[in-house]
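# Close look at the chain arrangement
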Amino acid sequence: MSDQTNLNGKVVLVTGAGGGIGRGIAMEAARAGASVVVNDLGASLDGRRETSAAADTVVAEIEAAGGRAVANGDSVAEPDGAKAMVRQATDAFGRLDAVINNAGILRDTFFHKMTWEDFDAVVKVHLYGAFNTSRAAADIFRDQGSGSLIHMTSTSGLVGNLAQANYSAAKMGITALSKSIALDLARWNVRSNCIAPFAWSRMTANIKVDSPEQEERVNRMKEMIPEKIAPLTLFLASDDAADVTGQIFAVRNNEIFLMSQSRPVRSVHRGGDGWDITSIRDGAIPALRRSFVPLEVSADVFAWDPV
Ligand code: NAI
């Protein structure tokens with residue numbers, strides 16, 4: 001990647017930056033001139049174990065490359081943990097300009113087998129995690145009169161995917177959280193956007209392969225390196241994105257997408273007393289059916305090979 005200095009003087013907190021996409025963003029943020037808080041508690045993929053010193057390793061890599069970074073090992077799922085990582089940014093570097101909500105876990109299982117614990121754990125890290133860090137940063141952003149939040153969502157939520165009800169619900173919830181923050185904090189120049197990334201990481205390495213077609217798809221996914229998510233993320237963190245807020249993007253290798261957001265697509269009206277069950281069956285649904293959204297998964301919509 002070319003040498004860029006778009007983030008000179010900025011302070012960026014990247015959650016879950018001990019590996020995968022977050023690590024790529026943290027490394028590139030430092031290269032672009034930012035001071036970085038590298039958060040990661042070293043969780044296993046399902047969030048059941050917290051072991052490694054992943055954040056320390058990334059900090060050492062950033063420092064070896066001449067950048068500035070500090071490690072944080074708190075959990076985004078805990079409000080106090082989120083407050084501590086935000087405080088660490090201001091303690092170490094004097095300010096905070098952007099929070100990248102990237103930390104995540106998976107507990108994939110079909111809905112009829114999903115336990116309350118599976119649902120709770122995933123929503124806690126993704127949706128509550130995004131709330132916790134954003135809420136902690138909001139106080140600083142308002143005082144400063146500026147700030148950028150970037151949340152990793154997923155086409156599993158935006159489009160659909162099998163065996164991910166917990167994850168999809170959390171990721172779709174994050175888009176609504178982001179929109180609400182964008183609306184509420186616009187008057188303080190605080191922006192909030194989402195990115196649905198596609199990248200080969202341990203999260204996607206977890207995908208179950210039980211057919212030659214799926215194996216071929218997974219082989220194509222291996223070409224999508226996590227570092228490709230960093231440029232758009234860091235553009236959104238920069239002052240050049242001052243007028244970009246409330247949007248949902250997707251990044252897949254060298255492709256960048258602007259995703260749609262829900263709006264009415266077709267309406268029907270009935271005069272007199274309005275609709276009853278039978279007239280809905282005979283009139284409304286036949287008219288609306290032409291615009292029904294098919295029951296698709298992400299791979300049906302992103303059906304071509306990554307560029
Ligand atoms: P990853 O599993 O490599 O990285 C996630 C990191 O979050 C891990 O290092 C983990 O230790 C950390 N983490 C987990 N729970 C935490 C907690 N409570 N507090 C702090 N850190 C915690 O996964 P990857 O692929 O890099 O994913 C990054 C983000 O992108 C996630 O939000 C994921 O849902 C999203 N995403 C990734 C896609 C992909 O294709 N890789 C697709 C769609 C979304």
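Now for a quick tour of the structure. (Residues numbered from 1 in each chain as written. Predicted model: local features only at pLDDT ≥ 70, side-chain atom pairs only at ≥ 80, totals over all residues. Heavy atoms only, no water.)

Around the ligand sit 31 residues, and of these Ile-21, Asp-40, Tyr-167, Ser-201 and Arg-202 come closest. At 2.9 Å from an oxygen atom of the ligand is found a main-chain nitrogen or oxygen belonging to Ala-43. The backbone of Ala-199 places a nitrogen or oxygen atom 2.8 Å from an oxygen atom of the ligand. For the ligand, whose unbound accessible area comes to 830 Å², protein coverage reaches 95%. Secondary-structure elements contributing two or more residues to the shell around the ligand are α1 (20-31), α4 (116-144), α6 (165-185) and β6 (190-198). (Near = heavy atom within 4 Å. Polar contact = N/O pair within 3.5 Å; in protein donor to acceptor, adjacent residues only side chain to side chain. Areas by Shrake-Rupley, 256 points an atom, 1.4 Å probe, with all protein chains shown as cover. Helix = DSSP H or I, 4+ residues; strand = E, 2+ residues; numbered from the N terminus.)

Within a sheet, neighbouring strands are paired by backbone hydrogen bonds and run either parallel or antiparallel to one another. Taken in spatial order, the eight strands make up an open sheet running β3-β2-β1-β4-β5-β6-β7-β8, and their pairing is mixed. At either end of the open sheet lies a strand with only one pairing partner, and these are β3 (68-72) and β8 (255-258). Within this sheet the neighbouring strands show an average axis-to-axis angle of 20°, counted without direction. Here three bridges tie strand β1 (residues 11-14) to strand β4 (residues 98-101), and the two strands are oriented parallel to one another. Its bridge partner being in β4, Val-12 is matched across the sheet by Ala-98. Relative to strand β2 (residues 35-39), α1 is tilted by about 165°, and along the sheet it contacts β1, β2, β4, β5 (147-152) and β6. Each of β5, β6 and β7 (248-252) touches α6; the most contacted strand, β6, lies at about 160° to it. (Pairing = 2+ DSSP bridges. Axes fitted to C-alpha atoms, helices over the stretch in contact; angles between N-to-C directions. Contact = heavy atoms within 4.5 Å.)

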